[in-house]
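Observations on the model geometry
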Amino acid sequence: MKITERYTALIVEHSQITAVEIAHSPKGRTLTSAGSFLSSVNFNDPATFEETGTTKREKIFATELQSFLKKIGNGSKIFSVGLNSQMVLMQTLPLDTTLSEKELKEHLLWEFSQHSLDTNTDGYFSSASPFVSEEQNVAPAVMVSIKKSMINFFTTVLEKVYGTLHIVDIDQFCAENALLFNYPHVAAKRTVLVGFDEETFDASTLVKGKTADILTMEYGKGMDVTHIVEYVKNMSAEVLFLHGRSLTRSMIENISQHISLPIEVLDPFWKIALPATLKNIEGIKLRRQEYAAAVGLALREE
């Protein structure tokens with residue numbers, strides 16, 4: 001890398017939009033803008049991406065986004081979007097690693113038809129990523145299917161703000177990237193990472209720095225963390241990292257009462273320069289756990 005390039009990530013969670021812009025240079029990574037806003041568009045509503053009214057919603061969101069980017073001083077033209085797990089179809093399944101590219105595509109279409117209520121397989125992009133496994137020919141994998149209309153929506157909106165769509169990913173996978181960038185030593189440990197949404201939590205396990213498992217679950221009554229504790233124990237975790245906009249001190253204390261392993265709140269800026277002149281820098285530092293997914297996605301160049 002010989003020049004400085006800026007990458008922006010937008011994390012979409014219901015109507016909440018969290019943005020991070022990171023400058024990539026030969027000297028390292030620097031945060032150049034960050035913030036969040038509440039959109040008038042509910043992205044968890046499937047009707048948002050239906051043909052009727054889409055053009056109007058695109059214009060509304062583009063206007064909101066352009067105003068927000070100007071407010072936080074964002075100057076990037078390269079944008080990536082991180083989707084909440086509730087916005088996509090995500091299914092864990094066994095994957096034959098000997099399949100050709102054509103065979104894999106056909107298999108994914110068949111798997112999609114088995115797990116989705118939507119019979120229009122042509123309306124989705126589907127991909128599968130194998131988990132860490134000791135098996136030779138068959139490995140557990142996660143299949144992710146995203147509506148093409150959703151991709152088209154964000155592509156159009158970003159064009160309206162003079163940007164281009166770079167990457168689309170799931171927010172929990174983005175947070176994993178932030179974890180490994182800032183805490184590379186966790187690659188030597190069985191690590192569980194939990195992200196807290198308003199209604200659900202995403203939990204994933206990393207082994208040797210690679211995803212070995214992922215699930216999305218609803219909280220128990222009264223934001224009960226029993227499911228999280230059970231998952232951590234079942235995965236034989238050696239360390240637990242937490243992140244997310246809905247993470248609270250009481251949740252951390254509650255979890256720590258039930259497990260004895262080290263618990264850390266993920267600091268996505270641990271190895272990223274934070275200029276003192278940055279807009280709202282103190283507020284960003286105070287809510288740093290909210291930016292884990294956005295930072296992880298903005299760190300990606302490919």
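Refer to the structure printed above.
Scope of this entry: the structure provided in the associated data block. Fair warning: this is a prediction, and the values are worked out from it, not measured in the lab.

**Some details on the overall build of the protein**
If you tally the helices and strands in the protein, you get 8 helices and 13 strands. If you line up the protein on its principal axes, its C-alpha atoms span 50 × 45 × 45 Å. By residue count, 50% of the 302 residues in the protein fall in the buried class. Long-range contacts, defined as pairs at least 24 residues apart, comprise 65% of the intrachain contacts of the protein with a sequence gap of at least 6. Carbon and sulfur atoms form 50% of the exposed surface of the protein, whose accessible area is close to 14800 Å². On the protein, the mean spot of the 29 positive side-chain charges and the mean spot of the 37 negative ones are 9 Å from each other.

**Observations regarding the nonpolar core**
Across soluble globular proteins, nonpolar side chains have a tendency to be buried as a group. The biggest cluster of nonpolar side chains holds 33 residues, and the ones touching the most others in it are Phe43, Phe61, Leu65, Leu83, Met87 and Phe154. For this core, the secondary structure elements donating two or more residues are strand 1 (5–13), strand 2 (16–25), helix 1 (54–72), strand 4 (78–83), strand 7 (138–147) and helix 3 (148–160). Filtering out sequence-adjacent residues up to four positions away, Leu65 remains in contact with Leu10, Phe37, Val157, Leu158 and Val161. Formed by 31 residues, the second largest nonpolar core is a distinct cluster that contains Ile167, Cys174, Leu278 and Val295.

**Topic: helix 5 (residues 226–234)**
Every buried residue of helix 5 is listed here: Ile228, Val229, Tyr231 and Val232. Projected down its long axis, helix 5 shows its buried positions confined to an angular sector of 160 degrees, all on one face. Opposite the buried face of helix 5, by more than 90 degrees, sit the exposed residues Lys233 and Asn234. Residues of helix 5 that are buried in the fold lie against strand 9 (191–196), strand 10 (200–207), strand 11 (210–218), strand 12 (239–243) and helix 6 (249–256).

**Side note on the packing of aromatic side chains**
Summed over the entire model, instances satisfying the criterion amount to 14 aromatic pairs. Ring geometry for Phe43 versus Phe49: centroids 6.2 Å apart, planes at 35 degrees, classification tilted. Judged by its relative accessible area of 1%, Phe43 is buried. In this structure an aromatic cluster arises from ring pairing among Phe37, Phe43, Phe49, Phe61, Phe68, Phe153 and Phe154. One Lys or Arg, Lys148, reaches over the ring of Phe125 and ends 5.2 Å from the middle of that ring.

Rules of the game
Residues numbered from 1 in each chain as written. Predicted model: local features only at pLDDT ≥ 70, side-chain atom pairs only at ≥ 80, totals over all residues. Heavy atoms only, no water. Helix = DSSP H or I, 4+ residues; strand = E, 2+ residues; numbered from the N terminus. Buried < 20%, exposed > 50% of the residue type's maximum accessible area, 1.4 Å probe, protein only. Contact = heavy atoms within 4.5 Å. Areas by Shrake-Rupley, 256 points an atom, 1.4 Å probe, with all protein chains shown as cover. Lys, Arg positive; Asp, Glu negative; His and termini not counted. Charge placed at Lys NZ, Arg CZ, Asp CG, Glu CD. Core = buried A, V, L, I, M, F, W, Y, C linked by side-chain atoms within 4.5 Å. Arc of directions from axis to C-beta. Phe/Tyr/Trp six-rings, centres within 6.5 Å; stacked < 30°, edge-to-face > 60°. Lys NZ or Arg CZ within 6 Å of the ring centre and 35° of its normal.

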